[in-house]
Amino acid sequence: MTVEASGTVEAPVLEIRDLVKHFPATGGFATTRKTDVVRAVDGVSFILRAGETLGLVGESGCGKSTVARTLLRLEEPTAGAALFHGQDIFTATSMELKNIRRRLQVIFQDPYASLNPRMTVANIISEPWVIHPDAAPKAERADRVRTLLENVGLRREHAERYPHEFSGGQRQRIGIARAIALNPEVLICDEPVSALDVSVQAQVVNLLMEIQERLNIAYVFIAHDLSVVRHMSHRIAVMYLGRIVEIGAKDEIYNHPRHPYTKALLSAEPSLDFSSTRKKSSRIILKGEAPSPSNPPSGCPFRNRCWKAQDICAHASPVLEGHAGHRVACYDPEFS
Amino acid sequence: MSRLTRGYVTNELNIMTTAEQESLIIRRGSPWWRMLLRDRFALVAALWLFVLTLCFLFGPLLFEDAATKLNLRARNLPPGSLEHGWLMYLGGDALGRPMLARLIVASRNTLAIALSAVFVAMIVGGILGMIAGYVGRSVGHVIMRFADILQSFPSLLLAVVVLYILEPNVTNLVIVLAITRLPIYLRVTRAEVLEIRERVFVDAARALGGSRYHILRRHITPVVAPTLLTILTVDFSIVMLAESSLSFLGIGIQPPEITWGLMVAAGRNYLSQAWWLAFLPGLAIMMATLSGNILSNWLRVVSDPEQRWRLEDSSGKKSGQTDA
């Protein structure tokens, strides 16, 4: 592993090394059974430093959410390591894992499903303290729930209500309050705003940024909406078919994309800026659909949709290369 | 609507839909008895169960003698006359004993046996079902095959065999009846657990570090319990009749002890001459079951925050539920 950051001596909070998650997919009757492997995540590495936001983008099915779920040990990884302050999450015992989970929290995509409909808001937000009783003394919990509610832009009296009485945006705020109840260092946001209205999205995104500023939490921010990621992130990783194809500082990625997939992705971002240099003609339209992760193409996973594919792309799989602030996995990196 | 203060959130755009505003003014918590009063069926059911409870507690104490006293002049006496005293209002049985007194006295044995049997079945079946659904695949397989065996065995035959080996007393009767009803609770629980464990809020609890026990207790049990209670009330009547068949075969409750099931069985011989001998205890079984069922249905609504408004008296109309 090359060290990604030059200049910073600070150790990363979270370091993912060659994360692989394959799902077995069996089909058919016992006699004609064929066992496929869905390569949902196929060797992902990145680091996350304290207080920063790493945007993880890519189209549906590229493995973004699987990365999140394996990091949380909601799925067991096939291979790889995830070092949280040097301790491997994937090999942690259940007691160690409980301690890690206290400092590594998550916000889910669907605010309708992520809150138990039978629990009051107060019970939902204080659940972390029921699991980790030493985090907050019983007597203080009711008060802390209400403070948390105010911190996420809800009102104290909402504590007695049930999730179904709230709108999507309000529910997501409740989910955020639960996630920050234990003062985590890392928050994994698995598409936290993609189920919300655009106007509400902005509010939730601003809330997340405000919380980050106040509590210095590092975010792994997963999204497919490029404008949201641009607004939130310090660094961005672009995923395609279970791999990171390009990773770097936000401005680098947005202003000087080098991987063809990143270029295509950015050109597809809707824009209201009609007078800009970006003209309609510059829109890159990819042919075909993303290949199935159970049967990826040989070599570079993107080669069959790439307009710059060469012979080598079919034989060897490119690795992330480049200077520390911007690395790309392509045999034809265009320096512009 | 006027209670709503706008602009309560910092850096908020103040875009609130009407539905959202309504969601803010929903009021909290009617007490349970208020909600019971609003549902007339549930109220009647609760009153009936209360009467049964009184019969259960004090019936044998008050009417034990009356229920066993023979009166040959009142043999197969039709119901509806006060000629032989009010205890004879529901008629007399084949030996001239007052039906009303017998029904009241029989309620203790009947309810004690049937209720303990279904509760034991529900608790054991529920726990096994949770283990089968949540803990592990291999353990789950073992438990499910166990349930298959129990179910494929004719339950009456099982009961006969067990009670023939063991002593036929009340405890053993309850155990046998509970075992034969077990698979239903087990299967239903497992099926529900398999569905609930995939919900996102369970993932959230796991991500918080919640143990299996924590998740089963806080997230899964509250969802499964109302379903099991509903099955329990239906099962109640089945168990009462099963108990009567066992008594009929001579390995259940024996006369002079009485149960409703036994009274149905005894009355069957006189169906053509005195239908009330079988009908009245049958009616008692049916009404107890129905009341339990209605009340468990009410309980299901009350325990579900998304349904509770139906029974809350907030000007009688629904004001929650935002489908934004």
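All values derive from a computational prediction rather than experimental measurement. (Residues numbered from 1 in each chain as written. Chains lettered and ligands numbered in written order. Predicted model: local features only at pLDDT ≥ 70, side-chain atom pairs only at ≥ 80, totals over all residues. Heavy atoms only, no water.)

1. Brief notes about the packing of helix 7 (residues 170-196) of chain B against helix 9 (residues 212-248) of chain B
Residue and element names in this part refer to chain B.
Part 1 of the reasoning: The interhelical angle for the contact between helix 7 and helix 9, taken along N-to-C directions, is 155°, at an axis separation of 9 Å. The angle between helix 7 and helix 9 places the two elements in the roughly antiparallel class. Considering the relative orientation of helix 7 and helix 9, their crossing is right-handed.
Part 2 of the reasoning: Class assignment for the residues of the contact of helix 7 with helix 9 results in 17 nonpolar, 3 polar and 4 charged. (Axes fitted to C-alpha atoms, helices over the stretch in contact; angles between N-to-C directions. Helix = DSSP H or I, 4+ residues; strand = E, 2+ residues; numbered from the N terminus. Parallel < 35°, antiparallel > 145°, perpendicular 65-115°, else oblique. Left-handed = near helix turned anticlockwise from the far one by under 90°. Nonpolar A, V, L, I, M, F, W, Y, C, P; charged D, E, K, R; others polar.)

2. Regarding the confidence of the model for chain B
Residue and element names in this part refer to chain B.
Part 1 of the reasoning: Residue-level pLDDT values for chain B average 79, and 86% of them are 70 or greater.
Part 2 of the reasoning: Mean pLDDT values for the elements of chain B range from 45 in helix 1 (residues 18-24) up to 91 in helix 8 (residues 200-207).
Part 3 of the reasoning: Low confidence marks residues 1-27, where pLDDT is under 50. Its contacts with residues over four positions away, or in another chain, come to 49 contacts.
Part 4 of the reasoning: Counted against residues more than four places away or in other chains, residues 315-324, with its pLDDT under 50, gives 20 contacts.
Part 5 of the reasoning: We note a pTM of 0.79 for the whole complex and an ipTM of 0.85 for its interfaces. (pLDDT = per-residue confidence, 0-100. Contact = heavy atoms within 4.5 Å.)

3. Section: the layout of surface pockets
Part 1 of the reasoning: Taken as a whole, the largest pocket holds about 620 Å³ of empty space.
Part 2 of the reasoning: What lines the largest pocket is a set of 22 residues, among which Arg73 of chain A together with Tyr134, Arg197, Arg206 and Arg212 of chain B lie closest to the centre.
Part 3 of the reasoning: When residues of the lining of the largest pocket are traced back to their parent elements, those giving at least two are helix 2 (94-103) of chain A together with helix 4 (99-135), helix 8 and helix 9 of chain B.
Part 4 of the reasoning: Here the lining of the largest pocket gets 5 residues from one element, more than from any other, and that element is helix 2 of chain A.
Part 5 of the reasoning: Within the lining of the largest pocket, the residues separate by chemical class into 7 nonpolar, 4 polar and 11 charged. (1 Å grid on protein atoms, 1.4 Å probe; cavity = no way out; pocket = protein on both sides within 12 Å on 5 of 7 lines; lining within 4 Å. Points joined across faces, edges and corners; volume = space filled by probe spheres on them.)

4. Regarding the packing of aromatic side chains
The description of two aromatic rings rests on the distance between their centres and on the angle between their planes.
Part 1 of the reasoning: One pass over the full model with this rule turns up 5 aromatic pairs over all chains.
Part 2 of the reasoning: Seen in terms of ring centroids, Tyr240 of chain A and Tyr261 of chain A are 4.5 Å apart; in terms of plane orientation they differ by 55°. Their pairing is tilted. Taken together, the residues span a long stretch of sequence, with Tyr240 of chain A in strand 9 (residues 235-240) and Tyr261 of chain A in helix 9 (residues 260-267) at a distance of 21 residues. Just as Tyr240 of chain A is buried, Tyr261 of chain A falls in that class too.
Part 3 of the reasoning: Through a chain of ring-to-ring contacts, the aromatic side chains of Tyr240, Tyr261 and Phe302 of chain A assemble into a single cluster.
Part 4 of the reasoning: The ring centre of Phe56 of chain B lies 5.9 Å from the NZ or CZ of Arg108 of chain B, which sits over that ring.
Part 5 of the reasoning: The positively charged end of Arg197 of chain B is found above the aromatic ring belonging to Tyr134 of chain B, 5.1 Å away from the centroid. (Phe/Tyr/Trp six-rings, centres within 6.5 Å; stacked < 30°, edge-to-face > 60°. Buried < 20%, exposed > 50% of the residue type's maximum accessible area, 1.4 Å probe, protein only. Lys NZ or Arg CZ within 6 Å of the ring centre and 35° of its normal.)

5. Looking at the pairing of strand 3 (residues 53-57) of chain A
Residue and element names in this part refer to chain A.
Part 1 of the reasoning: The element strand 3 is extensively covered by neighbouring structure, given that 5 of its 5 residues are classed as buried.
Part 2 of the reasoning: Because side chains alternate across strand 3, one face comprises the buried residues Thr53, Gly55 and Val57, and the other comprises Leu54 and Leu56, equally buried.
Part 3 of the reasoning: Both strand 3 and strand 8 (residues 218-223) contribute to a ladder of 5 bridges, which runs parallel. Its bridge partner lying in strand 8, Leu54 is registered against Val220.
Part 4 of the reasoning: One ladder, built from 4 bridges, connects strand 3 with strand 9; its direction is parallel. Bridge assignment links Gly55 to a residue of strand 9, and that residue is Ile236. (Pairing = 2+ DSSP bridges.)

6. Here we look at the pattern of salt bridges
Pairing between side chains of opposite charge can happen when their charged atoms approach one another.
Part 1 of the reasoning: Summed over all chains, the structure comprises 25 salt bridges over all chains.
Part 2 of the reasoning: Between Glu195 of chain B and Arg199 of chain B there is a salt bridge, with its nearest N and O atoms 3.0 Å apart.
Part 3 of the reasoning: According to the relative accessible area criterion, Glu195 of chain B is partly exposed, its value standing at 43%.
Part 4 of the reasoning: According to the relative accessible area criterion, Arg199 of chain B is partly exposed, its value standing at 28%.
Part 5 of the reasoning: Here the salt bridges share partners, and the residues they tie into one network are Arg69 and Glu75 of chain A together with Asp203 and Arg206 of chain B. (Salt bridge = Lys/Arg side-chain N within 4 Å of Asp/Glu carboxyl O.)

7. Points about the interface of chain B and chain A
Part 1 of the reasoning: Facing the 36 residues of chain B at the interface are 44 residues of chain A.
Part 2 of the reasoning: Roughly 3700 Å² is buried in total at the junction of chain B and chain A, and carbon and sulfur atoms are behind 51% of that figure.
Part 3 of the reasoning: The interface formed by chain B and chain A includes 1 salt bridge.
Part 4 of the reasoning: In this structure, Asp203 of chain B and Arg69 of chain A form a salt bridge, with 2.9 Å as the shortest nitrogen-oxygen distance.
Part 5 of the reasoning: Run the count over chain B and chain A and you get 12 residue pairs in polar contact (both at pLDDT 80 or more).
Part 6 of the reasoning: Of all the secondary-structure elements, those providing two or more residues to the side of chain B that touches chain A are helix 1, helix 8 and helix 9 of chain B.
Part 7 of the reasoning: Ranked by residues supplied to the side of chain B that touches chain A, first place goes to helix 8 of chain B with 7 residues.
Part 8 of the reasoning: Tallied by class, residues from the side of chain B that touches chain A come to 17 nonpolar, 10 polar and 9 charged. (Buried area = accessible area lost by both parts, 1.4 Å probe. Polar contact = N/O pair within 3.5 Å; in protein donor to acceptor, adjacent residues only side chain to side chain.)

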